[in-house]
Amino acid sequence: MGFVIAIDGPAAAGKGTLARKLAAHYGLPHLDTGLTYRATAKALLDAGKPLDDEAVAARMAASVDLANLDRAVLSAHDIGEAASKVAAMPAVRVALVEAQRRFASTGKGAVLDGRDIGTVVCPEAPVKLYVTADAEIRARRRYDEIVARGETADFDAILDDVRRRDARDMGRKDSPLRPADDAHLLDTSKMGIEAAFQAARALVDQRL
Ligand code: C5P
């Protein structure tokens, strides 16, 4: 495996933005692993299949094409909610983790972000970051994004969603969201995304 930067954390903590900035800075390919769970959920929804049939979901997961993950389509809110249900099934995770590891081990390195990169997908990664922020601040960011698109949003409903998704992702048996023992904690409620990027860069530069 090349030089992997593993980034984990809850929804809307800023890990995607941080991952993209680091990938651009170091010239590494980036995989948002959340999109692989979202693509699996969308395939099930499109096919009219239930979200809790593990064998069917695992087959869908095995056919997800990492080169064709359309963020614009997959970022819809209901797909995120469905993805978090699908992601609790071990057979789905086996299929997607295998594809994610293949991505991580091709070439000189990669940036992967998700929930279990430092703990399960790439436990040997030389740099592990755990990006978090208070639930209210993460909900506020989501709210501002939606309003900036000219759509209406209900802050309390978004905060409820953020909390429910955190509980599901942290409480599941298989690969729960948690920082790896050797992860560096970056709290973006305190430092903002640019400061988090500078801190992450300093950590990566030490390991290069
Ligand atoms: O990060 P994003 O919101 O796109 O992720 C959608 C869902 O996919 C998460 O709520 C989580 O349940 C699941 N996921 C996961 N492991 C990852 C990435 C995402 O379980 N590595």
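A quick note: this is a predicted structure, and the numbers were derived from the prediction, not measured.

1. Focus on the packing of aromatic side chains
- Under the criterion given, the structure shown has one aromatic pair.
- When the ring centre of phenylalanine 197 is taken as reference, the NZ or CZ atom of lysine 21 above it lies at 5.2 Å.

2. A look at the pairing of strand β4 (residues 127-132)
- Most of β4 is tucked away, with five of its six residues classed as buried.
- Where strand β1 (residues 3-8) lies against β4, four bridges are found, and the strand directions are parallel. When the bridges of β4 are listed, isoleucine 7 appears paired with leucine 129.
- Here β4 runs beside strand β5 (residues 184-187); their pairing, made up of four bridges, is parallel. Following the sheet pairing, threonine 132 is matched in β5 by aspartate 187.

3. Focus on the UniProt feature "binding site: ATP" (unreviewed entry) in the protein chain
- Residues annotated in UniProt with the feature "binding site: ATP" (unreviewed entry) correspond here to Gly9, Pro10, Ala11, Ala12, Ala13, Gly14, Lys15, Gly16 and Thr17. Here, the largest pocket is lined by Ala11, Ala12, Ala13, Gly14, Lys15, Gly16 and Thr17 out of the annotated residues.
- Take alanine 12: it is sitting in the loop between β1 and α1 (15-26).
- In this structure, alanine 12 is in contact with Arg138, Arg141 and Arg142, ignoring residues within four places of it in sequence.
- Along the polypeptide, glycine 16 turns up in helix α1.

4. Brief notes about the UniProt feature "domain: Cytidylate kinase" (unreviewed entry) in the protein chain
- The UniProt entry lists residues 5-196 under the feature "domain: Cytidylate kinase" (unreviewed entry), expressed in the numbering used here.
- For the annotated span residues 5-196, helix accounts for 57% and strand for 12% of the residues, and the straight-line distance between the end C-alpha atoms is 14 Å.

5. Quick look at the site of the ligand
- Every one of the 15 residues lining the ligand counts as a neighbour, but Arg38, Arg93, Asp116, Arg165 and Asp169 are closest to it.
- Note that an oxygen atom of the ligand is positioned 2.7 Å from one of the side-chain N or O atoms of arginine 93.
- Taking arginine 115, its side chain carries an N or O atom lying 2.9 Å from an oxygen atom of the ligand.
- Burial of the ligand by the protein amounts to 96% of the accessible area it has alone, namely 450 Å².
- When atom positions are compared with the pocket grids, the ligand is found to occupy the largest pocket.
- Those elements giving two or more residues to the shell around the ligand turn out to be α2 (34-46), α5 (77-86) and α9 (155-171).
- Broken down by element, the shell around the ligand gets its largest block of residues, three residues, from α2.
- Of the residues that constitute the shell around the ligand, the class distribution is three nonpolar, four polar and eight charged.

6. Considering unusual backbone geometry
- With a phi close to 65°, alanine 12 is a non-glycine residue in the positive phi region.
- Positioned with a positive phi, serine 175 is a non-glycine residue whose angle comes to about 50°.
- Following the sequence through the fold, serine 175 ends up in the loop between α9 and β5.

7. Describing the pattern of salt bridges
- Evaluated as defined, the whole model comprises 16 salt bridges.
- In this structure, the salt-bridge partner of aspartate 32 is arginine 71, at a minimum N-O distance of 3.1 Å. Note that aspartate 32 is positioned in strand β2 (residues 30-32) and arginine 71 in helix α4 (residues 71-74), a separation of 39 residues in sequence.
- Residue arginine 71 is classed as partly exposed on the basis of its relative accessible area, which comes to 36%.
- Of the charged contacts, one joins arginine 142 and glutamate 145 as a salt bridge, the two residues approaching to 4.0 Å between their closest N and O atoms. Of this pair, arginine 142 and glutamate 145 are both found in helix α8 (residues 135-148), three residues apart, which corresponds to roughly one turn of the helix.
- Here the salt bridges share partners, and the residues they tie into one network are Glu81, Asp161, Arg164 and Arg168.

Calculation notes
Residues numbered from 1 in each chain as written. Predicted model: local features only at pLDDT ≥ 70, side-chain atom pairs only at ≥ 80, totals over all residues. Heavy atoms only, no water. Phe/Tyr/Trp six-rings, centres within 6.5 Å; stacked < 30°, edge-to-face > 60°. Lys NZ or Arg CZ within 6 Å of the ring centre and 35° of its normal. Buried < 20%, exposed > 50% of the residue type's maximum accessible area, 1.4 Å probe, protein only. Helix = DSSP H or I, 4+ residues; strand = E, 2+ residues; numbered from the N terminus. Pairing = 2+ DSSP bridges. UniProt positions renumbered as here; feature names shortened; annotations may be inferred. 1 Å grid on protein atoms, 1.4 Å probe; cavity = no way out; pocket = protein on both sides within 12 Å on 5 of 7 lines; lining within 4 Å. Contact = heavy atoms within 4.5 Å. Near = heavy atom within 4 Å. Polar contact = N/O pair within 3.5 Å; in protein donor to acceptor, adjacent residues only side chain to side chain. Areas by Shrake-Rupley, 256 points an atom, 1.4 Å probe, with all protein chains shown as cover. Sits in = over half its atoms within 2 Å of the grid points. Nonpolar A, V, L, I, M, F, W, Y, C, P; charged D, E, K, R; others polar. Salt bridge = Lys/Arg side-chain N within 4 Å of Asp/Glu carboxyl O.

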